[in-house]
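Letter by letter, the chains look like this.
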There are 2 protein chains.
Amino acid sequence: MIVWVTGANGFIGRHLVHELAGTGHAVHGVGHGALDATEARRLGLQSWINGEIDAANLNALAAAHGLPTRIFHLAGGSSVGVSIERPFEDFSRTVASTARLLEWLRGSAPDCAVIAASSAAVYGADHVGPISESAVVTPMSPYGQHKLMMEQLCRSYARSFGLHCTVVRLFSVYGPNLRKQLLWDICSRLNAKEQVLALGGTGNEIRDWTDVRDVARLLANVAEAPSAQETFRVINGGSGRGTSVADIAAGLIGRWDGKTVVRHSGVSRPGDPMSLLADDAMLRQIGFDWRIPLDQGLADYVTWFKGQAS
Amino acid sequence: MIVWVTGANGFIGRHLVHELAGTGHAVHGVGHGALDATEARRLGLQSWINGEIDAANLNALAAAHGLPTRIFHLAGGSSVGVSIERPFEDFSRTVASTARLLEWLRGSAPDCAVIAASSAAVYGADHVGPISESAVVTPMSPYGQHKLMMEQLCRSYARSFGLHCTVVRLFSVYGPNLRKQLLWDICSRLNAKEQVLALGGTGNEIRDWTDVRDVARLLANVAEAPSAQETFRVINGGSGRGTSVADIAAGLIGRWDGKTVVRHSGVSRPGDPMSLLADDAMLRQIGFDWRIPLDQGLADYVTWFKGQAS
C-alpha cells in the first residue's frame, strides 16, 4: 500500500515510518529536514521531499510514485513554548499546512484516508480524571488552539466533501530520540551530575505517558480499523494510566544513580494542567494493546540517552 | 480616532465606513477592490489599500497614517456557497488573513482593539429558539467552520498575548447594496415579472433579519463599550426577533405588486438551519437600540432595488 507521512522526519514521524515500512508499506514523506537518499532509505522512506506541505510538493510525490491510499499527517508545530514565542509560525505549520493538504486531497485524492496527529492540549487545563473525546475543549496555548483548528478543518472537509479523517489526540509521548521536554531535561541534568534536581510545578501533575514505539503502532493500527459509519472521528491516543511528574523523576533517577534529590518549586506554571489523562474506551473498542509499560519505557529511555550522550 | 476597517469595500464594510466617518473618525481601509482616491473619499475612507491583509500592507498604512486605535476586521469569505465550491479560498480569506492581522497587531499595535465580524453560521443547524453566545457551536459549512476558527484565533491572541478582541456574530444582515441572497433573489425575480415565485425550503425557516445600517451602528457602538474585565468576548449581533422566509417574501411582494404567488419546494437544503435567532441579552446589556424595523427595512430595500435597477 502506498502511504505518505507528513512530518516524517520528526520524533514521532521517524518511528511511524519505521513501523509502516516494517509492515510492508511503500512509505513516502514530505516535510522539513535535509535527508539524503541513503538516510531516507535507512529510516524506511522510499522517497522524501524536504519542503512545505503544499500542492507543488504533493503533486510531485504523486507524479513520481502514485497516489497514496493513506496519509499520516504529523507535520505541524510541536512545542507549546515555541507557539507562545512565535504563534504565527505555529499557525502556519499546524493550520495552514493542514488546509493545503486537505484541499489537495479534495481535488486529487479524495479516497485517501487521513490520520492526523492532534494533541491532548486541545482539552485545556480544567479536567479532572480520564477525559473522553466528547469533553469540552478549551485549549490554553496557541499550540493547543491551532491543533484544535487543525481538527476542525478535518471535520469540515469530512462533512462537506466526504474525506475520511481520523484525528488521534496524543498525550505525553516520550521515548528514544526525544530531545526535549521532561525526560530529556531530567536526564540531561542527571548526566551533568546536578546534585539537586530543581523542577517547576508541584510534582503532582498527572500525565498519560506513552512510549513513542507504541504510539507509532497505534497510529498504524487506527488506520487499519476505519470507521464504516462516519467520515470523521476523534480518538484519544492515551493509555488511560496516569503517572505524576514526581514519579517520572523518581523512575529516571532510580535507573541512573538512585541518589539525586528532587525539589519541586511548588509553583504551577499558568495554564499548565494538573491532569491530562485519556479516557481510553475508544481505543479499547478498537482492540489496541499497549505493549511497553512505563518501567520498561523509562529504562529504554535512559539506555538510549546514555548511548547517545557517550 | 484612527480607525481601520479590513474588507471596507464589502457590503457591511461600506456602511460601517460611512457610519464611522460620519461620527468623526479618521477611517483607513485595506482589502480587495479597486477604489480610486475619489471613490474612497466618497465612501468615507481617508486612504485605501487594495490588497491582502498582510504585514506589508498593514505596515504601509501605519507608516503613512499612524497606528490605529481600533481595527474593525470585516475581511473574509462572505458566502456559504462559495465556501463549498472553493473551501481553500474561504479559508485563506477568513482564517489566514486573521492570523496575519493578529500577528501584526501583536508585534506592532498590541493596544489596538479588534472588533471582528463573525456569523451565526458558527452555531449550526440544531438550535431551537433564541441562541445565546454560550450555546454549542457546530458549524455545517466551511464558511461557518472558518468563521469559528477566526474567532478562536482572536480568543487565542487575547488569552496568550492580551490583545483586546470583540467578536460580533452577525445574523441575517440585509439592506441597500446587498446584491445576493434571499431579498436580492426575490426582488430580481419580481423585477423580471415572474408570475410564480418558486423558492426552496419550506418557507417556515426563521431568521433574525437586521438592516445593515443598524448593524454598522452596532459594530461602532460595541467598540465604544469595551469590556473592562475581559480581553475577549463574543456578542450576538442579532435583534432577537425572528421572521420566517415566507413572511419576508410576502413583505417584499406587498411592497412590489402585491400579486405574485409564492410556492415553496417544501424540501429543506441539507444543513440549512430551521431557525437562527439571536438571544440578544448581551446587546441589551450594552444598551444598543435597533432603529430600523423590518417593515421599514424591506420598504427601503425595495426602493433601493428599483432605483438601482432603473
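For clarity, every value in this text was computed on a predicted model and none was experimentally measured.

### Focus on helix α1 (residues 11–22) of chain B
Residue and element names in this part refer to chain B.
Phase 1 of the analysis: Taking 1.5 Å as the rise per residue, α1 with 12 residues should run 16 Å; its terminal C-alpha atoms sit 17 Å apart, in good agreement.
Phase 2 of the analysis: Three or more residues of α1 are buried, namely F11, I12, G13, H15, L16, V17 and L20.
Phase 3 of the analysis: Positive phi shows up at G24, right after α1, with a value of about 95°.

### A short note on the domain arrangement of chain A
Residues and elements named next belong to chain A.
Phase 1 of the analysis: The assigned domain composition of chain A is domain 1 (2–173 + 211–237) and domain 2 (174–208 + 240–279 + 291–309).
Phase 2 of the analysis: Distance from the C-alpha centre of domain 1 to the C-alpha centre of domain 2: 26 Å.
Phase 3 of the analysis: Facing the 23 residues of domain 1 at the interface are 20 residues of domain 2.
Phase 4 of the analysis: Both sides together, the interface formed by domain 1 and domain 2 hides about 1900 Å², and carbon and sulfur atoms give 53% of it.
Phase 5 of the analysis: For the domain 1 face of the interface with domain 2, the top three residues by lost area are F11, D211 and R213, together amounting to 24%.
Phase 6 of the analysis: On the surface where domain 1 and domain 2 come into contact, there are one salt bridge.
Phase 7 of the analysis: For D300, the salt bridge goes to R213, with nearest N and O atoms at 2.8 Å.
Phase 8 of the analysis: Counting across the interface, domain 1 meets domain 2 through 10 residue pairs in polar contact (both at pLDDT 80 or more).
Phase 9 of the analysis: Here the side of domain 1 that touches domain 2 takes four residues from helix α8 (residues 212–224), the largest share from any one element.
Phase 10 of the analysis: The class makeup of the residues in the side of domain 1 that touches domain 2 is 10 nonpolar, eight polar and five charged.

### Focus: the pairing of strand β15 (residues 275–278) of chain B
All names here are of chain B.
Phase 1 of the analysis: Residues S275 and L277 line one face of β15 and the alternating positions L276 and A278 line the opposite face, and both faces are buried.
Phase 2 of the analysis: Relative to β15, strand β6 (residues 130–131) runs parallel, the two sharing two bridges. The residue bridging I131 from the neighbouring strand is A278, located in β15.
Phase 3 of the analysis: Across two bridges, the pairing between strand β10 (residues 206–207) and β15 is parallel. Residue R207 lies in a different strand from β15, and its bridge partner there is L276.

### Section: the relation of the copies chain B and chain A
Phase 1 of the analysis: Superposition of chain B onto chain A requires a rotation of 180° combined with a translation of 0.0 Å along the rotation axis, giving an RMSD of 0.0 Å. On this basis, the relationship between the two copies can be described by a two-fold rotation axis. Residues of chain B ranked by C-alpha distance from the rotation axis are headed by B:M149, positioned 3.0 Å from it.
Phase 2 of the analysis: Comparing interface residues between copies, 100% of those in chain B also sit at the interface in chain A, which points to an isologous, same-surface contact.

### Re the packing of aromatic side chains
Phase 1 of the analysis: Applying the stated criterion to the full structure yields 20 aromatic pairs over all chains.
Phase 2 of the analysis: Taking the centre distance of 5.8 Å and the plane angle of 65° together, the rings of A:W256 and A:F305 count as edge-to-face. Of the two residues, A:W256 sits in helix α9 (residues 245–256) while A:F305 sits in helix α11 (residues 294–309), which places them 49 residues apart along the sequence.
Phase 3 of the analysis: Note on A:W256: relative accessible area 17%, which makes it buried.
Phase 4 of the analysis: Relative accessible area serves as the criterion here: at 3%, A:F305 is assigned to the buried category.
Phase 5 of the analysis: Centroid distance A:F288 to A:W290: 5.1 Å. Interplanar angle 90°. Geometry classified as edge-to-face. Across the pair, A:W290 and A:F288 agree in class, each one buried.
Phase 6 of the analysis: An aromatic cluster of three or more residues is present, and its members are A:W184, A:W256, A:Y301, A:W304 and A:F305.
Phase 7 of the analysis: Taking NZ or CZ as reference, B:R106 lies 4.9 Å from the ring centre of B:F161, over its face.

### Comments concerning the packing of helix α6 (residues 142–161) of chain A against helix α5 (residues 87–108) of chain B
Phase 1 of the analysis: Close contact between α6(A) and α5(B) brings their axes to 12 Å; oriented N to C, the two are set at 150°. By the angle class used here, α6(A) and α5(B) are roughly antiparallel. Considering only the axes of α6(A) and α5(B), their crossing is right-handed. Of the residues in α5(B), those in contact with A:M149, A:L153, A:Y157 and A:F161 of α6(A) are B:P87, B:F88, B:F91 and B:V95.
Phase 2 of the analysis: Here the contact of α6(A) with α5(B) is composed, by residue class, of eight nonpolar, no polar and no charged.

The rules we used
Residues numbered from 1 in each chain as written. Chains lettered and ligands numbered in written order. Predicted model: local features only at pLDDT ≥ 70, side-chain atom pairs only at ≥ 80, totals over all residues. Heavy atoms only, no water. Helix = DSSP H or I, 4+ residues; strand = E, 2+ residues; numbered from the N terminus. Expected span 1.5 Å × (residues − 1). Buried < 20%, exposed > 50% of the residue type's maximum accessible area, 1.4 Å probe, protein only. Domains from an automatic or database assignment. Contact = heavy atoms within 4.5 Å. Buried area = accessible area lost by both parts, 1.4 Å probe. Salt bridge = Lys/Arg side-chain N within 4 Å of Asp/Glu carboxyl O. Polar contact = N/O pair within 3.5 Å; in protein donor to acceptor, adjacent residues only side chain to side chain. Nonpolar A, V, L, I, M, F, W, Y, C, P; charged D, E, K, R; others polar. Pairing = 2+ DSSP bridges. Least-squares fit on C-alpha atoms with pLDDT ≥ 70 in both. Phe/Tyr/Trp six-rings, centres within 6.5 Å; stacked < 30°, edge-to-face > 60°. Lys NZ or Arg CZ within 6 Å of the ring centre and 35° of its normal. Axes fitted to C-alpha atoms, helices over the stretch in contact; angles between N-to-C directions. Parallel < 35°, antiparallel > 145°, perpendicular 65-115°, else oblique. Left-handed = near helix turned anticlockwise from the far one by under 90°.

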